[in-house]
Amino acid sequence: MNSMDPKDTENEIENLSRMLSTIQNLYYKKKEQLEELKKEISELREVLNLLNSHISGKSFHSAEEIYSKSLVKKSDKTTEEEYFIQEVSKEKFKGTNIKRKIFSKSKNEEEELLCVLNFHDFNKVEIKLIDPKKRDIKESSLIFINSFLKGALIKIKETNPEMSLNYDYLKNTDVIEQITIFNLKSIEEYDLITSKMRELLASEISTDN
């Protein structure tokens, strides 16, 4: 029986080690993402509890009972956005934060973190672009104007004229590093911003490819 060539053994060990390293990296990345999701779920639960407590305190009924009655009495319906604007004091949401992360797959099929969004106090959104030089997003780019400005911010501005924004740029460039949006009124506006930012980053990646 012939023994295995030492060179073949060395190559096999090298391949197995490389495979082990890849799997370990993937494991820890997924574990980190899971921890982030758990944190976000916990934050959302706190906000939901706060809303339910606030509604119950005003009406002596649970939020679910109010919702059920609103389905029967159409004339008494109040949209979620109207509730945020008219009923809930901004003081109630001080200290809250809803974080979201946008990932994509790079050319080697591994997930890549593109940006992080934080919704502070149900009022301000901070959008931090990861590796902004690589993203190369500028105010003047047609993709940015059509996808993000027209798709999200201008639409929000039409119903919420108090909204404003600020850009932070990569040093000595016109490349956007962070976008801060002020005076938002509802979670729906945050959802729209997140959706259009995801659309913008997907367009940028397609353009790069």
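Before any of the text, the structure's been laid out above.
Parameters at a glance
Residues numbered from 1 in each chain as written. Predicted model: local features only at pLDDT ≥ 70, side-chain atom pairs only at ≥ 80, totals over all residues. Heavy atoms only, no water. Helix = DSSP H or I, 4+ residues; strand = E, 2+ residues; numbered from the N terminus. Buried < 20%, exposed > 50% of the residue type's maximum accessible area, 1.4 Å probe, protein only. Contact = heavy atoms within 4.5 Å. Areas by Shrake-Rupley, 256 points an atom, 1.4 Å probe, with all protein chains shown as cover. Salt bridge = Lys/Arg side-chain N within 4 Å of Asp/Glu carboxyl O. Phe/Tyr/Trp six-rings, centres within 6.5 Å; stacked < 30°, edge-to-face > 60°. 1 Å grid on protein atoms, 1.4 Å probe; cavity = no way out; pocket = protein on both sides within 12 Å on 5 of 7 lines; lining within 4 Å. Points joined across faces, edges and corners; volume = space filled by probe spheres on them. Core = buried A, V, L, I, M, F, W, Y, C linked by side-chain atoms within 4.5 Å. Expected span 1.5 Å × (residues − 1). Bend = angle between axes of the 7 residues up to and from the residue. Polar contact = N/O pair within 3.5 Å; in protein donor to acceptor, adjacent residues only side chain to side chain. Pairing = 2+ DSSP bridges.

J.: Would you mind going over the overall build of the protein chain in detail, with residue names and values included?
T.: Secondary structure assignment for the protein chain yields six helices and five strands. Its helices and strands in sequence order give the protein chain the pattern α-α-α-β-β-β-α-α-β-β-α, from N to C terminus. Across the 209 residues in the protein chain, those meeting the buried criterion constitute 29%. A separation of at least 24 residues holds for 59% of the contacts in the protein chain among residues at least 6 apart in sequence. Only carbon and sulfur atoms are counted for the fraction: they give 53% of the accessible area of the protein chain, which is about 14000 Å².

J.: How would you summarise the pattern of salt bridges if you had to cite specific residues and measurements?
T.: Under the defined criterion, the tally for this structure stands at 10 salt bridges. Across the pair Glu126 and Lys124 runs a salt bridge, and its minimum N-O distance is 3.4 Å. Lys124 gets classed as partly exposed once you look at its relative accessible area, which sits at 25%. In this structure, Lys196 engages Glu199 in a salt bridge whose closest nitrogen and oxygen atoms are separated by 3.2 Å. Of this pair, Lys196 and Glu199 both sit in helix H6 (residues 187-208), three residues apart, which is roughly one turn of that helix. Since its relative accessible area comes to 18%, Lys196 is described here as buried. For Glu199, a relative accessible area of 35% corresponds to the partly exposed category.

J.: Would you mind going over the packing of aromatic side chains in detail, with residue names and values included?
T.: In the structure shown here, the tally under the stated rule is five aromatic pairs. Taking 5.3 Å as the distance between ring centres and 35° as the angle between the ring planes, the aromatic pair formed by Phe119 and Phe122 counts as tilted. For the residue pair Phe119 and Phe122, the accessibility class agrees, reading buried in each case. For the pair Phe119 and Tyr190, a centre-to-centre distance of 4.5 Å together with 35° between the ring planes defines the contact as tilted.

J.: Describe the layout of surface pockets, with residues and values.
T.: Sizing a probe to match a water molecule and rolling it over the atoms shows the empty space that remains. Here the second largest pocket defines a volume of roughly 250 Å³. Taken together, Lys29, Glu32, Gln33, Glu36, Leu37, Glu40, Arg100, Lys101, Phe103, Glu111, Glu112 and Leu113 make up the lining of the second largest pocket. The set of elements that each furnish at least two residues to the lining of the second largest pocket consists of helix H1 (6-59), strand S1 (97-105) and strand S2 (111-120). The greatest single-element share of the lining of the second largest pocket, amounting to six residues, is contributed by H1.

J.: Before we move on, can you summarise the nonpolar core with the specific residues and values?
T.: In summary, soluble globular proteins display a tendency toward joint burial of nonpolar side chains. Counting 29 residues, the largest nonpolar core has Ile127, Phe148, Ile179, Ile181, Ile193 and Met197 as the members making the most contacts within it. Secondary structure elements with two or more residues in this core: H1, S1, S2, strand S3 (124-129), helix H5 (142-159), strand S5 (176-182) and H6. Counting residues per element, this core draws most heavily on H6, at six residues. Non-local contacts of Ile181, meaning those with residues more than four positions away in its chain, are made with Asn123, Lys124, Val125, Ile127, Phe148, Leu153, Met163, Ser164, Leu165 and Ile193.

J.: Lay out H5 in plain terms, naming residues and giving numbers.
T.: A rise of 1.5 Å per residue sets the reference length of H5, with its 18 residues, at 26 Å; its end C-alpha atoms lie 24 Å apart and thus fit the reference within 8%. At Leu149, H5 shows its maximal bend, which comes to roughly 50°. Those residues of H5 not exposed but buried are Phe144, Ser147, Phe148, Gly151, Ala152, Leu153 and Ile156.

J.: Can you tell me about the side chain of Ser186, naming the residues and giving the values?
T.: Considering the arrangement of structural elements, one finds Ser186 in the loop between S5 and H6. Note on Ser186: relative accessible area 0%, which makes it buried. Polar side-chain contacts of Ser186 include one of 3.1 Å to the side chain of Glu188.

J.: Report on the pairing of S3, specifying residues and quantitative values.
T.: The alternating pattern of S3 places Val125, Ile127 and Leu129 on a buried face, while none of Lys124, Glu126 and Lys128, on the opposite face, is buried. In this sheet, S3 lies alongside S2 in antiparallel orientation, the contact comprising six bridges. Its bridge partner lying in S3, Leu117 is registered against Ile127. Linking S2 back to S3 in an antiparallel pair, the connection comprises three residues, with Asp121 at a positive phi of about 55°. Sheet topology places S3 next to S5; four bridges connect them, and they run antiparallel. Its bridge partner lying in S5, Glu126 is registered against Thr180.

All quantities given are derived from atomic positions and should not be read as evidence of function.
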